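Observations on the three-dimensional arrangement
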Amino acid sequence: MTVFPVPGSRRRIRRAHVIAAGCAVALCTSVAAPAAADGGTTATKPTIVLVHGAFADASSWNGVVERLEHRGYTVIAPANPLRGLYSDSAYIASVLDSIKGPIVLVGHSYGGALISTAAADNPQVKSLVYVSALMPDVGETGMTLSAKFPSELGTATKSVPYRAGGVSGTDLYLKPDKLHQVFAADLPESTTKVMAVTQRPAATTAFSEKAKVAAWKHIPSWFLVAKQDKTINPDQERFEAKRAGSHMVEIDSSHVAMISHPDAVTDLVLQAATAADSARPALAATGTTHDAQAETALTGIGAASLIAGTGTLLLGRRLRRPAS
């Protein structure tokens, strides 16, 4: 005997279908959403720390600082004591310890030797950037590197004894009549005359103390070679960059590229910052995480559809029962 649904049962069946479909959507959403969330990132812009070198001060980074801050980065340009590799790198390391979150560490000239040491054992330092810089390996000094790659700096400095707090030593200054030619040939002479008067000397220990660590061996690095550099031989810069496997660029600049070519230096720092900013877990780089998420989402959708279909069938059968 044919059984007809009781009055109003068709409406109940339609409602059942709607409910089942709603369940399917809800289940799909609950399964798929975590997969999308896992693949997302909440990356924080790294703090950029700019370390100046010998004969200069933190104001040498002014043009780069302005450009980086314009792009939304927090920037710190600490005063380099210029008293020796060991004490200076310890000071820079203490500055890094005060920073929360990821760091991109940038060094110019002698500042490159400092960042190679200061970044050691600091997991927050994600990238190193060297601007016409020293980049010593373990056991090397600035002097041993310059002996292999001579430059005009050897004849452009003068030694001056100093005493401070019971400690004595020797400071190195650039000769005022040599600073423009050797240090900053692509800047106006009016500017380099002021730089000669206001220069900060470096103690000889800055160049004679041997590096005990080399952070560039385990931290990605970028290197700007100044092709017109007469303070550090450009061939030395290329040698250092290639040895470290750095991302290298070359520009027509004197030793002070961050002053004469702040855009080029900023661009290189941004490359390093972007690499640090967009870091992903190792699995994501191989696509494994993405594939696993897709599979999970598809499996969830299939399961949701099966559940929803089963629910519809059961509800339909219940509604087709004859009225008692």
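Going by the structure above, here's the rest.
What follows concerns the packing of helix 2 (residues 62-70) against helix 11 (residues 262-277). Following both chains from N to C, one finds helix 2 and helix 11 inclined at 50°, their axes separated by 9 Å at the closest point. With respect to their mutual orientation, helix 2 and helix 11 come out oblique. At the point where helix 2 passes helix 11, the crossing takes the right-handed sense. Taking contact as the criterion, the partners of Gly63, Val64, Arg67 and Leu68 in helix 2 are, on helix 11, Pro262, Asp263, Val265, Thr266, Val269 and Leu270. Of the residues belonging to the contact of helix 2 with helix 11, the class tally is 6 nonpolar, 2 polar and 2 charged.

Helix length check: helix 3 (residues 85-97), at 13 residues, gives a terminal C-alpha distance of 18 Å against a target of 18 Å (1.5 Å per residue), a fit within 8%. Regarding helix 3, the residues found buried are Leu85, Asp88, Ser89, Ile92, Ala93, Val95 and Leu96. In a view along the axis of helix 3, the buried residues occupy a sector of 155°, so they form one face of it. Looking at the buried side of helix 3, the elements it contacts are strand 1 (47-51), strand 2 (75-76), strand 3 (103-108), helix 4 (110-118), strand 4 (125-131) and helix 8 (205-208).

As a further point, take helix 6 (residues 176-183). What helix 6 keeps buried is the set Leu179, Val182 and Phe183. All buried residues of helix 6 project into a common sector of 100° when viewed along the axis, lining one side. Tucked inside the fold, the buried residues of helix 6 contact strand 6 (167-174) and helix 7 (189-198).

The subject of this paragraph is the packing of aromatic side chains. For the coordinates displayed, the defined rule picks out 4 aromatic pairs. Ring geometry for Tyr130 against Phe223: centres 5.9 Å apart, planes inclined by 10°, an arrangement best described as stacked. One end of the pair, Tyr130, is in strand 4; the other, Phe223, is in strand 8 (residues 221-226), with 93 residues separating them in the sequence. Residue classification places Tyr130 among the buried positions, given a relative accessible area of 0%. Judged by its relative accessible area of 0%, Phe223 falls in the buried class. Ring geometry for Phe149 and Phe239: centres 5.4 Å apart, planes at 35°, overall tilted. With Phe149 in the loop between helix 5 (142-148) and strand 5 (157-164) and Phe239 in helix 9 (residues 234-244), this residue pair connects regions lying 90 residues apart in the sequence. Judged by its relative accessible area of 32%, Phe239 falls in the partly exposed class. One Lys or Arg, Lys45, reaches over the ring of Tyr73 and ends 4.2 Å from the middle of that ring. In this arrangement the basic side chain of Arg83 is found over the ring face of Tyr162, its NZ or CZ atom lying 4.8 Å from the centre.

Conventions and cut-offs
- Residues numbered from 1 in each chain as written.
- Predicted model: local features only at pLDDT ≥ 70, side-chain atom pairs only at ≥ 80, totals over all residues.
- Heavy atoms only, no water.
- Axes fitted to C-alpha atoms, helices over the stretch in contact; angles between N-to-C directions.
- Helix = DSSP H or I, 4+ residues; strand = E, 2+ residues; numbered from the N terminus.
- Parallel < 35°, antiparallel > 145°, perpendicular 65-115°, else oblique.
- Left-handed = near helix turned anticlockwise from the far one by under 90°.
- Contact = heavy atoms within 4.5 Å.
- Nonpolar A, V, L, I, M, F, W, Y, C, P; charged D, E, K, R; others polar.
- Expected span 1.5 Å × (residues − 1).
- Buried < 20%, exposed > 50% of the residue type's maximum accessible area, 1.4 Å probe, protein only.
- Arc of directions from axis to C-beta.
- Phe/Tyr/Trp six-rings, centres within 6.5 Å; stacked < 30°, edge-to-face > 60°.
- Lys NZ or Arg CZ within 6 Å of the ring centre and 35° of its normal.

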